[in-house]
Each structure stands twice: as C-alpha cells, then as structure tokens.
Amino acid sequence: MSKRYDQYCPIACSLGLVGERWTLLVVRELMHGPKRYTDLVDGLHGIGTNILAVRLKELEAAGLVERRKLPPPAASTVYELTPTGQELRPVLHELARFGARLMGPPPPDALEPGWLMHALELALSPLCQGSTIAFRVGDEEASLVNCTATPGIAEDYDVLVETDATGFYHLVVDRKLEGVRIDGDVAALEQLLDGFAASPLPA
C-alpha cells in the first residue's frame, strides 16, 4: 500500500490498507459479489481507470481482493473479496449509518436502479432479527429474507413498507412515518430500525 503510518496503532494499520481515496468504495462495490473491471468502472462514477487499476492492485497485495477467471462461456476475469476483505462489511455498515445521518434525503435523479437492494444489503441487513420485511420504494422492490437482501417483494412477508425515496430516508434515519404505508408487523420493522433511531415508531 502507498500510505503507511509510523504508528503502532490498529486504526493506523487499517487506514494504511483502506484509507486511500476510492479504496472503500471499491470494497463497497465488491460487497455485492464478484465484478468485472468494466462493472467496477460503471459503478464508480468519476474514478479514473488508472486509479481503479492501482486500487485493485493494492487491495490484491493486501490480501483483501483476489482475481478469478470465470469458466466458459463467460471466460471473464472478475474481482472478488477474500474472506479477510469480507470482514470489512461491518466497517461499511457503520460508515453507512454514520453518513446517512449527515447527507440528508436523496435529491432527484441521485439514485440508480438497484439502489434499494444495495441499501438493504449494506445498511440494514446487519440489523435484521430474522423477520421477512419487504419494501416498495417508488419503482424499486426488495426484501430482507433471513437477514439477506433479495430482489422483489418476498412471499409471506411479516411486514410490507411502501413509500418513496424521501420517505424511506426519513423512516430509516428520523423514524418519521409521513408518506409511509406499513402493512403487517410494525414490531418487526421497529427491530430493524433500532440501529438507526432510538425512539420507537408511533402506534
């Protein structure tokens, strides 16, 4: 890695591995599964291809990412997180939780297709207590099933949440119900949101 700190400190050690610009965003993309180089370029708007190549090389050298050749007919090279790289998931979860409180609701056209499932997977799945919770947010549909994000509205859900992107943000971050429709077990939703907000949902 290019950045090292002359300190015997676990935080300094971690930052020496993943503290460079774009590095944790590369890890974020790979949390969703193996990706081709072109997939990473598409998902990381604004990154230079030379920077991406360097970051991937650094992550490989650190043992956090590995390359794998897919069998025919795909025969593509993909990048994926190693078991050690996967250990960064709770780090990204806490960064997502921290940042969500500061960034405010999404402006128009800020969200891309598939954002809801990614949000559930990274930010909310660690808080899941085992209930099946489905979300319909604008045109997006995704569910938490066995603490795993899945596309679409799950069958036999415990609770269904319907709102728009702004309502979803305020529900998760501020515990506000304006513009939110909840069908089913409100207690299951409360358990999910406990990591983001301290006060209970109103009855």
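Worth saying up front: this structure is predicted, and the values here are computed from it rather than measured.

(A) Main features of the overall build of the protein. Broken down by element type, the protein carries 9 helices and 8 strands. C-alpha atoms of the protein, sized along the principal axes, occupy 55 × 50 × 30 Å. In the protein, which comprises 203 residues, the share counted as buried stands at 37%. For the protein, long-range pairs separated by at least 24 residues make up 54% of all intrachain contacts whose partners lie at least 6 apart in sequence. When the accessible area of the protein is evaluated, it comes to approximately 11,300 Å², of which 54% is carbon and sulfur surface.

(B) Representation of the side chain of E140 in the model. Mapped onto the elements of the fold, E140 is located in strand β5 (residues 140–145). We note that E140 is buried and unpaired, the nearest opposite charge coming from R136 at a distance of 11 Å. A polar contact is formed between the side chain of E140 and the backbone nitrogen of G114, at a distance of 3.1 Å. The contacts of E140, once residues within four sequence positions are left out, are E112, P113, G114, W115, L116 and F135.

(C) The arrangement of the pattern of salt bridges in detail. A complete count under the given rule lists 13 salt bridges for this structure. A salt bridge links R36 to D39, with the nearest nitrogen and oxygen atoms 3.1 Å apart. Here R36 falls in the partly exposed class, since its relative accessible area comes to 38%. On the accessibility criterion, D39 (25% relative accessible area) is partly exposed. When the shortest N-O distance is used, the salt bridge between R175 and D194 registers 3.5 Å. You can see R175 sitting in the loop between α8 (165–174) and β8 (181–184) and its partner D194 sitting in the segment after α9 (186–193), a full 19 residues away along the chain. Several salt bridges share partner residues, and in doing so they unite R136, E141, E162 and R181 into one network.

(D) Layout of helix α1 (residues 10–18). Looking only at α1, the buried set comprises A12, G16 and V18. Looking at the buried side of α1, the elements it contacts are α2 (23–30).

(E) How the structure looks around the sheet that holds strand β4 (residues 133–137). Read from one edge of the open sheet, 5 strands run β6-β5-β4-β7-β8, paired in mixed fashion. The sheet terminates laterally at β6 (148–151) and β8, the two strands that pair on one side only. This sheet shows a mean twist of 20° between the axes of neighbouring strands, independent of strand direction. Of the strand pairs in this sheet, strand β7 (residues 159–163) and β8 are connected by 4 bridges, and their pairing is antiparallel. Looking across to β8, one finds that L160 is bridged to D183. Sitting on the sheet, α9 touches β4, β5, β7 and β8, and the angle it makes with β4 is about 80°.

(F) View of the sheet that holds strand β3 (residues 77–81). If you trace the 3 strands from one edge of the open sheet to the other, you get β1-β3-β2, paired in antiparallel fashion. Each having just a single partner strand, β1 (35–36) and β2 (65–69) make up the two edges of the open sheet. Here β2 runs beside β3; their pairing, made up of 5 bridges, is antiparallel. By the bridge assignment for β3, R68 is matched with V78. Together, β1, β2 and β3 form the strand contacts of α2, whose direction differs from that of β3 by roughly 105°.

(G) Structural context of the environment of E140. E140 sits in the buried class, given a relative accessible area of 17%. For E140 and W22, which are 118 residues apart along the polypeptide, the C-alpha to C-alpha distance reads 27 Å.

(H) Just the packing of α2 against helix α4 (residues 49–61), in detail. Put simply, α2 and α4 touch, their axes get as near as 10 Å, and they point 75° apart. If you check the angle between α2 and α4, you find them roughly perpendicular. Here T23, V26 and V27 of α2 come into contact with α4, specifically with L52, R55, L56 and L59. In terms of residue class, the contact of α2 with α4 is built from 5 nonpolar, 1 polar and 1 charged.

Scoring rules and cut-offs
Residues numbered from 1 in each chain as written. Predicted model: local features only at pLDDT ≥ 70, side-chain atom pairs only at ≥ 80, totals over all residues. Heavy atoms only, no water. Helix = DSSP H or I, 4+ residues; strand = E, 2+ residues; numbered from the N terminus. Buried < 20%, exposed > 50% of the residue type's maximum accessible area, 1.4 Å probe, protein only. Contact = heavy atoms within 4.5 Å. Areas by Shrake-Rupley, 256 points an atom, 1.4 Å probe, with all protein chains shown as cover. Lys, Arg positive; Asp, Glu negative; His and termini not counted. Salt bridge = Lys/Arg side-chain N within 4 Å of Asp/Glu carboxyl O. Polar contact = N/O pair within 3.5 Å; in protein donor to acceptor, adjacent residues only side chain to side chain. Pairing = 2+ DSSP bridges. Axes fitted to C-alpha atoms, helices over the stretch in contact; angles between N-to-C directions. Parallel < 35°, antiparallel > 145°, perpendicular 65-115°, else oblique. Nonpolar A, V, L, I, M, F, W, Y, C, P; charged D, E, K, R; others polar.

Coordinates in, geometry out; function isn't part of it.
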